[in-house]
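Spelled out, the chains give:
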Amino acid sequence: MSNQNSTGKKQIQDIPLSVLDLAPILQGGSAGESFRNSLDLAQHAEKWGFNRYWLAEHHNMPGIASSATSVVIGYIAGGTTKIRVGSGGIMLPNHSPLVIAEQFGTLESMYPGRIDLGLGRAPGSDQLTAMALRRDVRRNGQEFPEDLEQLRSYLDANSSSKAVRAIPGEGLNIPIWLLGSSGFSAQLAAQLGLPFAFASHFSPENTVPALNLYRNNFKPSKVLDKPYAMVGVNVFAADTTLEAAKLATSHQQQFLNLIRNNPGPLAPPVETMEGIWTEYEKAAVLQQLKTSIIGGPDEVEEKLQEFLNETQADEIMVTSGIFDHAARLHSFEILSALKNKRQN
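Parameters at a glance
Residues numbered from 1 in each chain as written. Predicted model: local features only at pLDDT ≥ 70, side-chain atom pairs only at ≥ 80, totals over all residues. Heavy atoms only, no water. Helix = DSSP H or I, 4+ residues; strand = E, 2+ residues; numbered from the N terminus. Buried < 20%, exposed > 50% of the residue type's maximum accessible area, 1.4 Å probe, protein only. Contact = heavy atoms within 4.5 Å. Areas by Shrake-Rupley, 256 points an atom, 1.4 Å probe, with all protein chains shown as cover. Lys, Arg positive; Asp, Glu negative; His and termini not counted. Charge placed at Lys NZ, Arg CZ, Asp CG, Glu CD. Core = buried A, V, L, I, M, F, W, Y, C linked by side-chain atoms within 4.5 Å. Salt bridge = Lys/Arg side-chain N within 4 Å of Asp/Glu carboxyl O. Pairing = 2+ DSSP bridges. Right-handed = clockwise from strand over helix to strand, strands pointing away. Phe/Tyr/Trp six-rings, centres within 6.5 Å; stacked < 30°, edge-to-face > 60°.

Novice: Summarise the overall build of the chain; cite the residues concerned and give the values.
Specialist: On a plain count of helices and strands, the chain comes out with 11 helices and 9 strands. C-alpha extents for the chain along the principal axes are approximately 60 × 50 × 35 Å. Scored against the burial criterion, the 344 residues of the chain give a buried share of 52%. Excluding contacts between residues fewer than 6 apart, the proportion of contacts in the chain whose partners are at least 24 apart in sequence is 71%. Roughly 15300 Å² of accessible area belongs to the chain as shown, and the carbon and sulfur atoms make up 52% of that amount. Averaging the coordinates of the 29 positive side-chain charges in the chain and doing the same for the 35 negative ones gives two points 5 Å apart.

Novice: Any chance you could break down the nonpolar core for me, citing the residues and the numbers?
Specialist: Counting residues in each nonpolar core, the largest one holds 67 residues, and the members touching the most others are L119 and I316. Filtering out sequence-adjacent residues up to four positions away, L119 remains in contact with I90, L92, F144, L148, L151, I176, W177, L178 and L179.

Novice: Describe in detail the pattern of salt bridges, supporting the description with residues and values.
Specialist: This structure, assessed with the given rule, holds 11 salt bridges. D116 is the salt-bridge partner of R52, the closest N and O atoms lying 2.9 Å from each other. Of the two residues, R52 is situated in strand 2 (residues 52–55) and D116 in strand 4 (residues 115–120); the sequence distance between them amounts to 64 residues. Here R52 matches D116 in class, with each residue buried. Between K303 and E299 there is a salt bridge, with its nearest N and O atoms 3.2 Å apart. With K303 and E299 both in helix 10 (residues 297–311), this residue pair falls 4 residues apart, about one helical turn.

Novice: Tell me about helix 6 (residues 183–192), and please be specific about residues and values.
Specialist: Residues of helix 6 that are buried include every one of S185, A186, L188, A189 and A190, and no others. In this structure, the buried side of helix 6 is in contact with helix 5 (144–155), strand 5 (176–180), strand 6 (196–198) and helix 7 (207–216). Following helix 6 by one or two positions, G193 adopts a phi angle in the positive range, close to 70°.

Novice: So what's going on with the environment of W277? Residues and values would help.
Specialist: Considering the arrangement of structural elements, one finds W277 in the loop between helix 8 (241–259) and helix 9 (279–288). Exposure remark for W277: the relative accessible area of 8% places this residue in the buried category. For the pair W277 and L256, spaced 21 residues apart in the sequence, the C-alpha separation amounts to 7.5 Å. Those residues in contact with W277 that lie beyond four places of it in its chain are Q252, L256, R260, K282, V285 and L286.

Novice: Lay out the pairing of strand 2 in plain terms, naming residues and giving numbers.
Specialist: On strand 2, burial covers both faces: R52 and W54 on one face and Y53 and L55 on the other are all buried. Relative to strand 2, strand 1 (residues 17–21) is paired through 3 bridges, and the arrangement is parallel. Each bridged residue has a counterpart across the sheet, and for L20 the counterpart in strand 2 is W54. Crossover strand 1 to strand 2 through helix 1 (residues 31–48) is right-handed. Inspection of the sheet shows strand 2 paired to strand 3 (residues 84–91) by 4 bridges, in the parallel sense. Residue L55 lies in a different strand from strand 3, and its bridge partner there is S87.

Novice: Can you tell me about unusual backbone geometry, naming the residues and giving the values?
Specialist: Across the junction of G88 and G89, the peptide omega takes the value 5°, indicating a cis bond. In this fold, G89 is placed in strand 3. Of note, the amide linkage connecting I167 to P168 takes the cis form, showing an omega dihedral of -5°. Mapped onto the secondary structure, P168 falls in the loop between helix 5 and strand 5. At N60, a position not held by glycine, the phi torsion is positive, near 60°. Note on placement: N60 falls in the loop between strand 2 and helix 2 (69–78). By relative accessible area, which is 54% here, N60 ends up exposed. Here the phi dihedral of Q312 falls at roughly 55°; this positive angle occurs in a residue that is not glycine. Considering the arrangement of structural elements, one finds Q312 in the loop between helix 10 and strand 9 (315–319).

Novice: Explain the packing of aromatic side chains to me, and be specific about the residues and the numbers.
Specialist: Aromatic ring pairs are described here by two measures, namely the spacing of the ring centres and the angle between the planes. All chains considered together, the criterion is met by 6 aromatic pairs. With a centroid separation of 5.4 Å and 85° between ring planes, the pair formed by W54 and W177 is classed as edge-to-face. In this pair, W54 is assigned in strand 2 and W177 in strand 5, connecting sequence segments 123 residues apart. Summarising the burial analysis for this pair, W54 and W177 share the class buried. Relative to F198, the ring of F196 has its centre 6.2 Å away and its plane inclined at 55°; by these criteria the two rings are tilted. Comparing F196 with F198 shows no difference in burial state: the two are buried.

All we've got here are geometric facts, nothing functional implied.
Set out below in structure tokens:
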């Protein structure tokens, strides 16, 4: 099906929707509980027709359980049957390209045709954690293109002539995506003819400029003949706008704690954030989360369509930092109903 209607305007009903999961650790909860919730969400997402289920690499974050991202991807892929599962993303500067080629070669061998390798160039951690990861802290991401080239060479079917080979990995078709929150990866993805995913869910100001940079500089490749852009967005959907606004306060508290340099588990929602944040903190949090979509079904549909109109995304990846697991499931269920809704 085409992702445009007769007027040439993209419609939410006709583009893929996907899920980005940070495997949130809840206040009073555990990582084990987080993984079980993630698997349950992935199984529901598969049933509801979502396209992909990606997990993100973060370290030294008390509220995020997906630090061993490749392991969690295997757990999710093993508990589902058809949804694509991948990384959103693997922070390549933290790793040897050979290790990532082997890990994702292993995953693709176990779950053929279902694994995505999304790559970012940020460390996903602070400097001390980067040192603990055995990463050279003098590296600032500028080596990312070289690391990427090395990784792709390990996956190349013709890499068998090399002294060092990725087994499993060599010769496997593992889609590589470049992830970004600025123009660097957008430009590199365009140059290499790779799909690009932009983190609008925490970098809203750079969204349209980065997408324009990607599309305007895109060079066709063996992978893609035209640009393919996926955009991340926070969505908090509930039966009423008031309920959705309350659910979103968990995510707002999490970002507030990051601003205060005091990260912690995902907190329960509150009736109001007033009295919790200062006016300055409120402005900073809301600015960073300004593309968040919060509301009841009709409001979410309208705002999601506006977001699509602005970004012209080929795919939208939704993340939802909702404390209550049943409420998080329901938020994605509302989205799936919008996705499956057919216009008259």
